[in-house]
Structures are given as structure tokens and as C-alpha cells.
Amino acid sequence: MIKNPETFTIITFGCQMNKSDSELMEVSLTQEGFVKSNNYGDIIIFNTCSVRKHAEDRALAYIIEARNTYRQSIIIVAGCMAQRLGQELRSNYGVDLVVGPYHSPAIGSIIKNYIQNQSIRQYTSQDASDFVSRIHPSLVAHKDELPWHKWVTISHGCQNYCAYCIVPYVRGKLLSFPSQQIIDYCTLLIDNGITEITLLGQNVNQYGQDSGDIPFYSLLEKVASLPGLYKLNFLTSHPKDFNSEILHVIKDNPVIARSIHLPLQSGSDTILQAMNRQYTMKHYYSLIEAIHALLPMVSITTDLIVGFPGETQRDFEDTLAAVRTIQFDEAFTYKYSPREGTKAYTLPDSVPDTVKQERLDLLIHTVRDISRKRLMNHIHTTTDMIVERISKKSDNEVMGKTIYNQPVIIKGGKEDIGKKYTVTIVSVKGSTLYGERSA
Ligand code: SAH
Ligand code: SF4
Ligand code: F3S
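Analysis parameters
Residues numbered from 1 in each chain as written. Chains lettered and ligands numbered in written order. Predicted model: local features only at pLDDT ≥ 70, side-chain atom pairs only at ≥ 80, totals over all residues. Heavy atoms only, no water. Core = buried A, V, L, I, M, F, W, Y, C linked by side-chain atoms within 4.5 Å. Buried < 20%, exposed > 50% of the residue type's maximum accessible area, 1.4 Å probe, protein only. Phe/Tyr/Trp six-rings, centres within 6.5 Å; stacked < 30°, edge-to-face > 60°. Lys NZ or Arg CZ within 6 Å of the ring centre and 35° of its normal. Helix = DSSP H or I, 4+ residues; strand = E, 2+ residues; numbered from the N terminus. Arc of directions from axis to C-beta. Contact = heavy atoms within 4.5 Å. Polar contact = N/O pair within 3.5 Å; in protein donor to acceptor, adjacent residues only side chain to side chain. Axes fitted to C-alpha atoms, helices over the stretch in contact; angles between N-to-C directions. Parallel < 35°, antiparallel > 145°, perpendicular 65-115°, else oblique. Left-handed = near helix turned anticlockwise from the far one by under 90°. Nonpolar A, V, L, I, M, F, W, Y, C, P; charged D, E, K, R; others polar. Domains from an automatic or database assignment. Pairing = 2+ DSSP bridges. Right-handed = clockwise from strand over helix to strand, strands pointing away.

Caption draft 1: How the structure looks around the nonpolar core. Core analysis: the largest hydrophobic core is formed by 65 residues, its most contacted members being Ile-197, Leu-220 and Phe-234. Counting residues in hydrophobic clusters, the runner-up holds 18 residues, among them Phe-13, Cys-49, Ile-63 and Met-81.

Laid out in C-alpha cells, this is it:
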């Protein structure tokens, strides 16, 4: 091991929750005096995801390569795969320290301790008392990829136990953070120049149910009413808990993005039941109707899985039919990946990979056609946008996101980055809108 480890690098895989945890790790390491490095440093941390086998294989390839190349560095695996594989990462991959999600925000002192005294090398307990909070005032000074934006984790874990999903096992049970702490933190962020916030949780709609705190729609309303905010997003909703109170709050607060991510997973009631999703297609359709009734212009996006155990051609066609009926603006599509420890893992992985791939290809094709058509509907409409960066294609153009969270390009330069403008959409090229700034 390197004598006096000073520098660190964090490589992040997986969802926004992991990105947000990586920020906390950075704060923790900096507080302990370590210095961030853009190259692989003395301390190399992989913040990993277990949601699909592919995600784990990718991280493992990085870990093997790092262990072979940087023999003196301290190699640490954090995040969901750390929780899932624990000891195996140390014995089979030569990892020095394993730190699960309950402990990762305390990683600075864990590493200090490890350097001084190498007795404990695995932190994977999931006792509530070991849980390190995700809301930390010093995060205010830490800049996101978009310096005016912040992820704000409102709850951790999930106990819905969808049959395919590893998250409840690796992230533990639902823990909602106190609403007053969240609101105070958001206020502090806005006072420090933050104009866009994304509230995060595996199922934000269940916020407060574990702690008896205010329901999600109240929290959303309170954050939306903080003066100074340009845009408020939230991820992820669950169709079984999404309700009309949330919709009314969106309707009454223009600062909330007109973009609802509502994972459907499958269009077949048989498969939805086998997945333990706890809703039917009838319920999902009623939600879509309610959304359109209250929000005339809105973007609805989803997640879909093909090849869940027992999925027949007929079930898959039900998914295609649902996609065509609902007309999603975008869908993230996945091949089912068996995850050890989940309920579905005990079922035969009955759909051959070639069939999964065929279904996935057809689904992607169908989704893409619909997305393009849906984008065309924006032509001649007026919308707000926040400029994110100079366009990749031209120095005289800038790219940003509309209130529907769709990419839009307008004329502009460096000075426009982070600004909010009202634009009229004039054309669509590929999956990008082109707009003109209103006077
Ligand atoms: N909490 C969120 C996100 C869960 S993971 C939610 O409930 O929607 C993100 C997506 O990955 C899921 O919506 C699902 O579509 C997909 N996913 C989860 N487990 C999977 C698995 N074992 N195989 C394939 N896709 C999976
Ligand atoms: Fe996984 Fe379901 Fe929880 Fe989402 S709601 S994290 S899919 S168990
Ligand atoms: Fe992956 Fe863990 Fe997020 S499994 S999707 S990093 S909660």
C-alpha cells in the first residue's frame, strides 16, 4: 500500500442516487484532507450498480484492470454491488475495502481508519443506526455537472419488492428524511444560487409513509413555492402511489417540470402481477387520462422490461399495444436480467436471449417512432428552457432543456449558460427541438 495516500478518484456507475452519493463521498474525503484527482489516485473508489448483470460486469472489468495496474493504490468498492457481493470482492478481486450504501457518506473517516489500522475492511451492515444521512449542508459548495442544479435525496431505500429488482436488498428499507430538513436544505441551496432542483427517491410518491411525515405532494408544493427556483423535477414515481393530489400540485406550480416519469414495466396484467407491481393496466390508463385532463401539455416517460420469466409473445404484444396507446414521449427499455436473491430469480429465465433481443429491438423501434411524432407536436408552441451548454455542432448555438425535459437548441453563446428563456419551437431534427427566443 502507498505510504501516505493523499489523492482520490471516484468512478460512478448506476443511477442518480449513486451520483448523489458520490458527491457525499467527495465531501467526506475532502473533509478528511484527501485531494480529488482527475487521474487514478492513491485511493480509487468505484461506486457501483447491481440493477442488471451487465452493470456489474462493467464495474468488475474496471476493478480488475485497476487492481492489475495500480497495485499500490487502495481500491474501494462502494454502492450497490459492494452491498451485494461484500466479502467476494475482497477474496476474488483483491479489493481493499468494501463500503455499502448505508456507510458510503462516511467513507472519509472509514478510509482514515483503514490507513491507520487495517482491522475492519467491510462495511455492509444495514442497521438503521449505521445509516449516514444524505442531506449535508456542506454539499452546497459542491458543484454538480450543471453548476445551478442539485440532486436532493428525499428518501433512501425501497420496500416494494418488485419481483425482478435488487434495489430493496442492496439499499434497504424506505427511509424518508425529515421534511423540514429537506426544505431548509433547498432554501440554503437557492440562497447560494441554485435555480434547479431534482428531488430523488426510488419511489418518491411513498415519501413520509415510513416516518409519518407530510405526504409527497405537500413536500413538492413546499419546495415549489420557494422563491428563486427556475425548475423543480422529481424522480421516480410509482403508478401504484402516484395520485391526483400530486397532479394538482404540478398544475398549480409552473416551476415544476411538465415531465412525468412513470415506469410501466409491462403492458400485460399477467406479467405486472408476476412482477408484483401492484397495479393493473386499467389503473395505469386511468392515471394517464388524469394526467392529460389536468396538464394539456406534458411529457410522459417510462421504463419497460422485456423477457420477464413467463412473458409470452401475447404479453409482449400487450406491451407494444400499451406503448402505442399511451404514446410515451420516451421509454427506457431493458432486457430482463435475473438477479440472485430476488423473487423472480427462483423462476426459470424462460425467454431465450435471442427472443429478448428481438422484442427489445421491436420495442425500441416503436418507441422511437412515437417519440419523433410527439416531438413534432411541439412545433409552434412556446415553452421555457434553461440553457445548459454550447451546442456540439456550432459555437453560435446553445443546447438546453425545456420544461418537458426535452433537448432544444437556440442561437446563443457562453453568456447564456444557466439562464432561463422563453422560446418558440420552430423545427425538429432527429430527437432535438430547434427554437427561437421570444422577445
Ligand atoms: N426505483 C425506480 C428505478 C428502479 S431501477 C423505479 O421503481 O422505477 C430502474 C429500472 O431498471 C426499472 O424501472 C426497471 O425497468 C429496470 N430494472 C430493474 N431491475 C431489472 C432487472 N432485473 N432486469 C432488467 N431491468 C431491470
Ligand atoms: Fe425496484 Fe420496484 Fe423499488 Fe423501483 S419500486 S426500486 S423497481 S423494488
Ligand atoms: Fe443501480 Fe443501486 Fe441505483 S442497483 S440503479 S445504483 S439504487
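Caption draft 2: Just the packing of aromatic side chains, in detail. Summed over all chains, the structure comprises 11 aromatic pairs. Members of the aromatic cluster, connected to one another through ring pairs, are Tyr-40, Phe-46 and Tyr-70. The ring of Tyr-434 carries the charged tip of Lys-429 above its face, separated from the ring centre by 4.5 Å.

Caption draft 3: Geometry of helix 9 (residues 244-252). Along helix 9, the positions that sit buried rather than exposed are Ile-246, Leu-247, Val-249 and Ile-250. For helix 9, the angular spread of the buried residues around the axis is 160°, confining them to a single face. Turning to helix 9, the residues buried within the fold contact helix 8 (216-224), strand 11 (231-235), strand 12 (259-261) and helix 11 (281-294). For helix 9, the N-terminal capping position is held by Asn-243, with its side-chain oxygen 3.3 Å away from the main-chain nitrogen of Glu-245.

Caption draft 4: The side chain of Thr-402, seen in detail. Among the secondary structure elements, Thr-402 is positioned in strand 16 (residues 397-402). Residue class for Thr-402 comes out buried when judged on its relative accessible area of 1%. Excluding its chain neighbours within four sequence positions, the residues that come into contact with Thr-402 are Lys-231, Thr-383, Asp-384, Met-385, Val-408 and Leu-433.

Caption draft 5: Structural detail: the packing of helix 11 against helix 12 (residues 313-326). At a closest axis distance of 12 Å, the pairing of helix 11 and helix 12 adopts a crossing angle of 15°. Between helix 11 and helix 12, the angle is such that the two are roughly parallel. In this structure, helix 11 meets helix 12 at a crossing whose hand is right-handed. Side by side, helix 11 and helix 12 meet where Met-281, Tyr-284, Tyr-285 and Ile-288 of the first sit next to Ala-322, Thr-325 and Ile-326 of the second. Residues of the contact of helix 11 with helix 12, tallied by class, amount to six nonpolar, one polar and no charged.

Caption draft 6: A look at the domain arrangement of the protein. For the protein, the domain assignment lists domain 1 (7-130), domain 2 (137-376) and domain 3 (382-437). For domain 1 versus domain 3, the distance between C-alpha centres works out to 37 Å.

Caption draft 7: Highlighting the sheet that holds strand 6 (residues 122-123). Strand order in the open sheet formed by six strands is 2-1-3-4-5-6, with parallel pairing between adjacent strands. At either margin of the open sheet sits one strand with a lone partner, and together these are strand 2 (35-36) and strand 6. Set on the sheet, helix 2 (residues 53-69) makes contact with strand 3 (43-48) and strand 4 (74-79); between it and strand 3 the angle comes to about 170°. Contacting strand 3, strand 4, strand 5 (97-99) and strand 6, helix 5 (residues 107-116) runs over the sheet at an angle of about 155° to strand 5.

Caption draft 8: Focus on the environment of Thr-366. Mapped onto the elements of the fold, Thr-366 is located in helix 13 (residues 353-376). Overall, Thr-366 belongs to the buried group, its relative accessible area being 8%. Remark: the alpha-carbon pair of Thr-366 and Arg-324, spanning 42 residues in sequence, is separated by 7.8 Å. Thr-366 has contacts with Leu-320, Val-323 and Arg-324, leaving out every residue within four places of it along the chain.

Caption draft 9: Representation of the pairing of strand 4 in the model. Counted residue by residue, strand 4 has six buried out of six residues, so it is predominantly covered. Here strand 3 runs beside strand 4; their pairing, made up of six bridges, is parallel. If you follow Ile-43 over to strand 4, its bridge partner there is Ile-74. Taking the sense of rotation as the criterion, the β-α-β connection linking strand 3, helix 2 and strand 4 turns out right-handed.

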